[in-house]
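Fold and geometry: a report
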Amino acid sequence: MIRLEDLSLTIGKAEILRRVSLDIAPGRVTGLVGESGSGKSMTALSIMRLLPRESRVSGRIILDDSNILEKSERQMCALRGNRIGMIFQEPMTALNPVKTIGDQVMETLLIHTGHSPAEAREIAREKLARVGLPEDRFPLTRYPHELSGGQRQRVCIAMAIALSPELLIADEPTTALDVTTQAQILDLLRELVREEGMSLLLITHDLAVVAGMADHVAVMQKGEIVEQGATEPLFRAMRHPYTKALFEASSHAPARRPTATGEAILTVSKAVRDYALPRTRLIGPAPVFRAVRSVSFTLNKGESLGLVGESGCGKSTLARAILGLEPLQAGEIRAFGQPMGPGFPTRLKAGIQVVFQDPYGSFNPRWKVARLVAEPFHLMGTRPDDWRARVARALEDVGIGGDAMERYIHEFSGGQRQRIAIARALILKPEIIVLDEAVSALDVSVRAQVLDLLADLQAEYGLAYLFISHDLSVVRAITDRVLVMKAGEIVEEGATEAVFSAPAHPYTQALIEAAPAIPAEWKVHEHGQAPVV
Amino acid sequence: MARYLLTRLLSLGLSLVAASLVIFAVIEVIPGDPASYMLGLNATPEAVAALRDELGLDGSLLSRYLGWVAGMVQGDFGQSYTYRVPVAELIGDRVVVSLPLALLALALSTAIAFPVGIVAAARRGRAADYAVMGATQLGIAVPNFWFAMLLVLVFAVRLHWFSAGGFPGWEAGVLAGLKALTLPAVALALPQASILARVMRSSLIETLGQDYIRTARAKGLSRRLATRRHALRNAMIPVLTIIGLQFSFLLAGAIIIENVFFLPGLGRLIFQAITQRDLVVVESVVMLLVFAVIVVNFAVDLAYAAVDPRLRRGGRR
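The model shown is predicted, which means the values in this text are computed figures rather than measured ones.

What counts, and at which threshold
Residues numbered from 1 in each chain as written. Chains lettered and ligands numbered in written order. Predicted model: local features only at pLDDT ≥ 70, side-chain atom pairs only at ≥ 80, totals over all residues. Heavy atoms only, no water. Helix = DSSP H or I, 4+ residues; strand = E, 2+ residues; numbered from the N terminus. Contact = heavy atoms within 4.5 Å. Areas by Shrake-Rupley, 256 points an atom, 1.4 Å probe, with all protein chains shown as cover. Lys, Arg positive; Asp, Glu negative; His and termini not counted. Charge placed at Lys NZ, Arg CZ, Asp CG, Glu CD. Pairing = 2+ DSSP bridges. Axes fitted to C-alpha atoms, helices over the stretch in contact; angles between N-to-C directions. Parallel < 35°, antiparallel > 145°, perpendicular 65-115°, else oblique. Left-handed = near helix turned anticlockwise from the far one by under 90°. Core = buried A, V, L, I, M, F, W, Y, C linked by side-chain atoms within 4.5 Å. Buried < 20%, exposed > 50% of the residue type's maximum accessible area, 1.4 Å probe, protein only. Salt bridge = Lys/Arg side-chain N within 4 Å of Asp/Glu carboxyl O. Phe/Tyr/Trp six-rings, centres within 6.5 Å; stacked < 30°, edge-to-face > 60°. Lys NZ or Arg CZ within 6 Å of the ring centre and 35° of its normal.

**Details of the overall build of chain B**
The number of helices and strands found in chain B is 13 helices and zero strands. For chain B, the C-alpha atoms occupy an extent of roughly 80 × 55 × 35 Å along the three principal directions. Residue pairs at least 24 apart in sequence account for 72% of intrachain contacts in chain B once pairs closer than 6 positions are excluded. Looking at chain B as shown, the accessible area adds up to about 15700 Å², and 68% of this sits on carbon and sulfur atoms. Of the side chains in chain B, 28 bear a positive and 18 a negative charge, and the two mean positions are spaced by 25 Å.

See below:
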């Protein structure tokens, strides 16, 4: 279908791609895997010729015996959306918010074909139904904001396949979606490839997604394809050390030493949190959305407790309530025996710290690291005299050198920032750390390191973790006990291994079922033994 | 949509009531006696009493307020103390100058700013963009009265294309009226256009960086078509906000330009009324301007909803 030959790309002075060669076969799924910055997306954008302005490309991209890189912009416009469709990672922002979904799907048809608007509308209706948005439930006059993330991604797919392109490029199409939605979208893509005879270039950081989807896999590292081949043999052999490292990191379980005691330090009893919704009537009480419905659990000293659930299930709201950032409408949260609320003693607040998901947005960019890490000291009223020494110690604990103190946060990578966030949480020697999707934005290799760090810190300081995540494999690796949350309620609770190996609630079963996994029989080499051929 | 309209209308009504209360309180209630203020320090007690009687200051606060509001609703703004004519007549004479001037200036400013802002955004970081940024910087920095005098020197004194000032009245013909308003409108529009072009540029640049523009390009739209179909409308919200503010400003804030060109506009009227302590006129003109601003804001709110479907249900972006 399309063949990449020695494709190299530089943007400004940065070398982004180096001699990438890849054959995308017709009617097959080609997986492109790698960590962020490995050049996966840039490879896709090179095919689409949608690169940033300062880019310089060399090599060849062959389609029908001609080189795409030599085509004019006008020829490319005729190609994009027509013979090559593309969908992106962020369905929430990938659609124009001020145009209806019908118009947006129709547009692909109208710009490439001579269809009348009525004909285009008919095809758009058909295609939207094809991707699971039948008109009776999802009229073409809907706006993107009236749809969920998964539904929006379906609209994007409908737009991309409206003209039945020969190649569909899907750049992390499910990364922003919940695990059950991800499974549905992947199913849809699989069906489309089978029924429409389309090629799919699937770009993802998730080895398990590729394992379940692709016929052919290429592994990228630092702008180069380090290994490629048919999926199953490649996974079984894992010849290249980077492939192996990536695989090991993705299923990494840190060595943990149990520190859990029976001493409860945080109890949540029948907690209820309501949000007021926009009024629908002028008089009378505003309607409310109950985000947390009578949730009860206990966190023990030194314990690692997981809280899993899909987006919107109320897990972050619950976390914020535990931190005292949101009032409860009923029920109670007690930390160290004191009820959480406006009257919660400041000195005890030092005992609960938090690490959030976004390693980029959770720091003041104008402060130096020393001041960022020392910030929680204001809970103690005055900064202790030895604060610099303590900041240095906390940074050392998370594996960041003391010279970081005089630097600004933009000088650090995502993984380093998350370590600094953990240092900030550690500085007051808390007993509880709430980790709200703390490793979700990190690449697998960095994530493995941060998980190790968390395990080490727990063993050293006897910390209790409330580990909130949508990622089941991570929760399984790092927690003793797990709570499964759905629509504001805890539907299942128990020892982590027991819940994962024998889930009792249908929702937990569905979550575990939907999570992509590399087939167990492919993992023969896991303990360093090469398979006998 | 109906609910959105209703809430906006409700807020419009409440704003008007609140504004009228504040204006009434500031002028009639707070600093002692309006009559002795209007007449100055040397007024005789008899004169003050006569004026109090004329202004109806002896009634209760409530009845005075209600009377004032009821009068305005019927178009009766009272009698000017200095001019001895109904205020409504004074305002009417001035509005026919100020409103066309403001509209003309706004139309000019928009007509200049849109293409300029769009070109700058589309050619970001290139020569055209730098030229626009430099020119608009200058446009904002140059004081408009100085620019107005320059216009007079070139187009009136030297070239004789326009008169140097004054307003012949619309009785002299629409063309003559527009001709008299052209130079003042240009002088007013220049800084406004500069600001608006910059807002347009930065808003459009931000919008062009959005994911849905990339999606549109992946569908096969050219850069130009993607800008026109997907970016422009999304970039309009901040632009509309600025247009609303500019119109409100142009309506009453043209006082310096009105003075340079000897135009009998609202700005000069209120300036004269303040210097002559004609509180009746001040009160009414201020209320009228507040009314205009509130109505403009209402129109801008409606424009937001027309542009962005997410706002139609009373939500926020």
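**Overview of the sheet that holds strand β18 (residues 464-469) of chain A**
Residue and element names in this part refer to chain A. Across the sheet, which stays open at both edges, the six strands sit in the order β16-β17-β18-β13-β19-β20 with mixed pairing between neighbours. The sheet is open, and its two borders are formed by β16 (352-355) and β20 (489-495), each paired with just one other strand. Ignoring which end each strand starts from, the neighbouring axes of this sheet average 15 degrees apart. Here five bridges tie strand β17 (residues 432-436) to β18, and the two strands are oriented parallel to one another. When the bridges of β18 are listed, Val434 appears paired with Leu466. Seen against the sheet, helix α14 (residues 414-426) touches β16 and β17 and runs at an angle of roughly 175 degrees to β16. With respect to the sheet, helix α18 (residues 506-514) is in contact with β19 (481-486) and β20, its orientation differing from that of β19 by roughly 100 degrees.

**Overview of the packing of helix α3 (residues 101-112) of chain A against helix α5 (residues 149-161) of chain A**
Residues and elements named next belong to chain A. The geometry of α3 relative to α5 is characterised by a closest axis approach of 7 Å and an angle of 25 degrees between their N-to-C directions. The orientation of α3 relative to α5 falls into the category roughly parallel. Remark: the crossing between α3 and α5 carries right-handed chirality. Each of Ile101, Gln104, Val105 and Thr108 in α3 lies in contact with α5, whose residues at this interface are Val155, Ala158 and Met159.

**Structural notes on the nonpolar core**
Residue and element names in this part refer to chain A. Ile157, Leu200 and Phe235 are the most contacted members of the largest nonpolar core, which totals 59 residues. For this core, the element with the highest residue contribution is α5, accounting for seven residues. Of all hydrophobic cores here, the second largest spans 56 residues; its members include Val179, Ala374, Ala404 and Ala423.

**A look at the environment of Leu99 of chain B**
Residue and element names in this part refer to chain B. Structurally, Leu99 is set in helix α5 (residues 87-122). Taking the C-alpha atoms as reference, Leu99 lies 8.7 Å from Leu250; in sequence the two are 151 residues apart. Residue contacts for Leu99: discarding those within four places in its chain leaves Phe247 and Leu251.

**Structural notes on the pattern of salt bridges**
Once the charged atoms of two side chains with opposite charge are near each other, the side chains can pair. All names here are of chain A. One pass over the structure, following the stated rule, counts 41 salt bridges over all chains. Ionic pairing is found between Arg447 and Asp471, a salt bridge with its closest N-O pair at 3.2 Å. Of this pair, Arg447 sits in helix α15 (residues 444-461) while Asp471 sits in the loop between β18 and α16 (472-478), and the two are 24 residues apart along the sequence. Each of Arg3, Glu5 and Arg60 takes part in one network of salt bridges that share partners.

**Describing the packing of aromatic side chains**
For the structure on display, the rule yields five aromatic pairs over all chains. Relative to Trp170 of chain B, the ring of Phe167 of chain B lies with its centre 5.4 Å away and its plane at 75 degrees, an arrangement referred to as edge-to-face. Exposure remark for Trp170 of chain B: the relative accessible area of 27% places this residue in the partly exposed category. Here the aromatic residues Phe24, Tyr65 and Trp68 of chain B are joined through ring pairs into a cluster of three or more. Between Arg371 of chain A and the ring centre of Trp367 of chain A, over which it is positioned, the NZ or CZ distance is 3.7 Å. Over the aromatic face of Trp387 of chain A sits the side chain of Arg383 of chain A, whose NZ or CZ is 4.0 Å from the ring centroid.

**Observations regarding the environment of Gly494 of chain A**
Residues and elements named next belong to chain A. Structurally, the position occupied by Gly494 is in strand β20. Separated by 10 residues in the primary sequence, Gly494 and Val484 have C-alpha atoms spaced 9.1 Å apart. Once you skip the residues sitting within four places of it in the chain, Gly494 turns out to touch Arg481, Val482 and Val499.

**A closer look at the pairing of strand β1 (residues 2-11) of chain A**
Residue and element names in this part refer to chain A. Relative to strand β4 (residues 55-63), β1 runs antiparallel, the two sharing eight bridges. Within β4, the residue paired with Arg3 across the bridge is Ile62. Relative to strand β2 (residues 14-24), β1 runs antiparallel, the two sharing seven bridges. For Arg3, the partnering residue across the bridge sits in β2 and is Asp23. Hairpin remark: β1 followed by β2, antiparallel, with two residues in the connecting loop; positive phi at Gly12, about 60 degrees.

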